[in-house]
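Residue strings, one per chain:
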Amino acid sequence: MVNPAEVKRTSQNIELLRHDWDRTEVEALYVLPFADLMFRAQSIHRTNFDANHVETASLLSIKTGGCPEDCGYCSQSAHYDTGLKATRLMAPADVVDTARRARDAGASRFCMAAAWRNPKDRDLDEVCGMVRAVKQLGMETCATLGMLTAAQAARLREAGLDFYNHNVDTSPEFYDKIITTRTLADRIDTLAHVRQAGIKVCCGGIIGMGEEVEDRLGMLMLLANMESHPESVPINLWNEVKGVPVNDTAKRPDPIELVRLVALARIMMPKSVVRLSAGRQYMTDELQALCFLAGANSIFIGDVLLTTKNPQAARDADLLDRLGIRSRLNESHRSPAPRSSLP
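Throughout, a residue's number is its position along its own chain's written sequence, starting from 1. Per-residue local features are limited, in this predicted model, to residues with pLDDT of at least 70; the limit for side-chain atom pairs, both in listing and counting, is 80 or more; totals at the level of whole chains, interfaces and linings are taken over all residues. Side-chain metrics in this entry use all non-hydrogen atoms of the structure; hydrogen atoms and water are not considered.

Chemist: I'm lost on the overall build of the protein chain in this one. Help?
Modeler: Secondary structure follows DSSP: runs of H or I at least 4 residues long count as helices, runs of E at least 2 residues long count as strands, and numbering of each begins at the N terminus. Per the secondary structure count, the protein chain includes 12 helices and 11 strands. Burial classification: accessible surface area is computed with a 1.4 Å probe over protein chains only, and a residue below 20% of its type maximum counts as buried, one above 50% as exposed, and the rest as partly exposed. Relative to its 343 residues, the protein chain shows a buried fraction of 55%. A contact between two residues is defined here by any heavy atoms of the two lying within 4.5 Å. In the protein chain, the share of contacts with a sequence separation of at least 24, taken over all contacts with a separation of at least 6, comes to 73%. In short, Shrake-Rupley with a 1.4 Å probe defines the accessible areas, and a residue's cover is counted only from the protein chains shown. Of the roughly 15100 Å² that the protein chain leaves accessible, carbon and sulfur atoms contribute 51%.

Chemist: Please explain the pattern of salt bridges as it appears in this structure.
Modeler: Side chains bearing opposite charge may pair, as long as their charged atoms lie close to each other. A carboxyl oxygen of Asp or Glu within 4 Å of a side-chain nitrogen of Lys or Arg is what we treat as a salt bridge. Evaluation of the coordinates by the stated rule reveals 21 salt bridges. Across the pair Asp 50 and Arg 326 runs a salt bridge whose closest N-O atoms are separated by 2.1 Å. Residue Asp 50 is located in the loop between helix H3 (34-48) and strand S1 (55-63), and its partner Arg 326 is located in the loop between helix H11 (313-323) and helix H12 (328-333); the two are separated by 276 residues in the primary sequence. Across the pair Asp 162 and Lys 135 runs a salt bridge, and its minimum N-O distance is 3.1 Å. Here the residue Asp 162 occupies a position in the loop between helix H6 (150-158) and strand S4 (163-165), and Lys 135 occupies one in helix H5 (residues 121-135), the gap between them amounting to 27 residues.

Chemist: Hey, could you run me through the packing of helix H10 (residues 285-294) against H11 in this one?
Modeler: Angle between the axes and distance between the axes are the two parameters that describe a pair of packed helices. Axis angles are defined between N-to-C directions and span 0 to 180 degrees, where every axis is a line fitted to C-alpha atoms and, for a helix, only to the segment in contact. Relative to each other, H10 and H11 sit at 60°, their axes nearing to 11 Å. The pairing of H10 with H11 is recorded here as oblique in orientation. Crossing handedness for the pair H10 and H11: right-handed. Judged by residue contacts, Asp 285, Gln 288, Ala 289 and Phe 292 of H10 engage Arg 315, Leu 319, Leu 320, Arg 322 and Leu 323 from H11. An angle below 35 degrees is read as roughly parallel, one above 145 as roughly antiparallel, one from 65 to 115 as roughly perpendicular, and any other as oblique. For any pair of crossing helices, the crossing counts as left-handed if the nearer helix is rotated counterclockwise from the farther one by less than a right angle, and right-handed if it is rotated clockwise.

Chemist: What am I meant to see in the pairing of S1 here?
Modeler: Note on strand geometry: in a regular strand, side chains alternate between the two faces of the sheet. Burial of S1 is extensive: nine of the nine residues sit out of reach of the surface. Only when DSSP finds a minimum of two bridges between them are two strands counted as paired. With three bridges connecting them, S1 and strand S9 (residues 298-300) associate as parallel partners. Counted as the bridge partner of Thr 56 is Ile 299 from S9. Where S1 and strand S2 (residues 109-114) come together, six bridges link them in parallel fashion. Residue pairing for S2: Ser 58 is matched across the bridge by Phe 110.

Chemist: Even after reading the chapter, I still don't get the packing of H5 against H6, so can you show me in this structure?
Modeler: The interhelical angle for the contact between H5 and H6, taken along N-to-C directions, is 20°, at an axis separation of 10 Å. Regarding the angle of H5 to H6, the classification is roughly parallel. Classified by chirality, the crossing of H6 by H5 is right-handed. For the pair H5 and H6, contact is made by Asp 121, Leu 124, Asp 125, Val 127 and Cys 128 and by Gln 152, Arg 155 and Leu 156, respectively. Looking at side-chain class alone, the contact of H5 with H6 contains four nonpolar, one polar and three charged residues. The nonpolar class holds Ala, Val, Leu, Ile, Met, Phe, Trp, Tyr, Cys and Pro. Asp, Glu, Lys and Arg form the charged class, and all remaining residues, Gly among them, are polar.

Chemist: Any chance you could explain H6 here in plain terms?
Modeler: Working note: α-helix, 3.6 residues per turn, so residues spaced by three or four point in the same direction. Of all the positions in H6, only Gln 152, Ala 153 and Leu 156 are classed as buried. All buried residues of H6 lie within an arc of 100° about the axis, which places them on one face of the element. Seen from the open side of H6, the exposed residues pointing more than 90 degrees away from its buried face are Ala 151 and Glu 158. Residues of H6 that are buried sit in contact with H5, S4 and helix H7 (184-197). As used here, the arc is the angular range of directions from the helix axis to the C-beta atoms.

So this is what it looks like as structure tokens:
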């Protein structure tokens with residue numbers, strides 16, 4: 001039963017940058033009538049962002065497979081037979097060439113991902129060189145390399161890294177059901193090192209792995225109650241991967257549940273960029289449009305995300321054009337947004 005007093009108290013505080021969300025008020029927000037929830041999320045979104053602009057990023061796996069972690073959802077774990085062939089770290093020149101093509105295709109941020117538990121210092125030397133080179137292309141840089149020490153985070157910052165991605169994945173209660181080789185506290189420690197180094201945080205999670213709605217809300221509470229909100233919050237739909245344990249529990253969330261979750265992320269973290277990340281190939285245009293209306297304002301472009309599929313750029317450009325949403329993707333495809341006939 002929703003407590004009207006909690007809803008009223010929440011509505012009086014949602015425009016504040018808060019770090020003290022409790023379960024009762026988050027649940028009260030989640031079950032609001034859909035139109036009320038959307039209005040609230042869109043109002044907050046417009047206060048902090050251009051409601052008709054979406055950030056575009058590109059993601060490259062610079063070192064694929066062979067990861068010693070046992071994340072039950074991941075195609076790159078060495079614990080499971082997923083049919084994925086492990087590779088060595090890519091040559092820096094190839095990474096920079098890929099970044100240049102991504103920039104020319106409409107990406108403003110380039111994210112480099114390596115399937116490591118934690119990077120070795122000799123590998124970090126090469127990654128730092130990649131970061132410097134991609135920065136020279138005029139792009140924002142992001143990396144996700146596993147767990148970091150404070151010294152490693154400082155080195156990445158010195159190289160010019162803008163963002164570090166390290167997802168919490170799910171709620172504290174559900175975490176050990178999908179990962180046993182590292183703890184949630186390990187992840188939080190890495191995020192602290194990244195913050196201390198002065199790098200912006202990209203941190204979100206995955207839904208559709210068999211968790212309950214309560215776990216999804218718990219994940220948002222974990223993020224929103226951090227001392228500083230992540231600057232980027234990716235929300236991923238689990239991509240189907242053969243040979244991993246999550247196959248036994250996975251259930252794709254109801255589309256309206258997904259929109260509600262995006263709206264809560266916008267309300268609870270009003271100044272964070274909320275990204276529709278993995279799994280967009282499962283979404284209809286109409287569902288993506290509702291997510292943008294709820295406050296999502298970033299997407300990955302490109303045909304592949306690490307080892308899984310992603311909508312083609314032409315489809316994304318067409319959708320954003322039809323919605324009148326501006327992005328670098330539209331500019332690169334030279335497709336002007338439709339003009340309104342209204343005064």
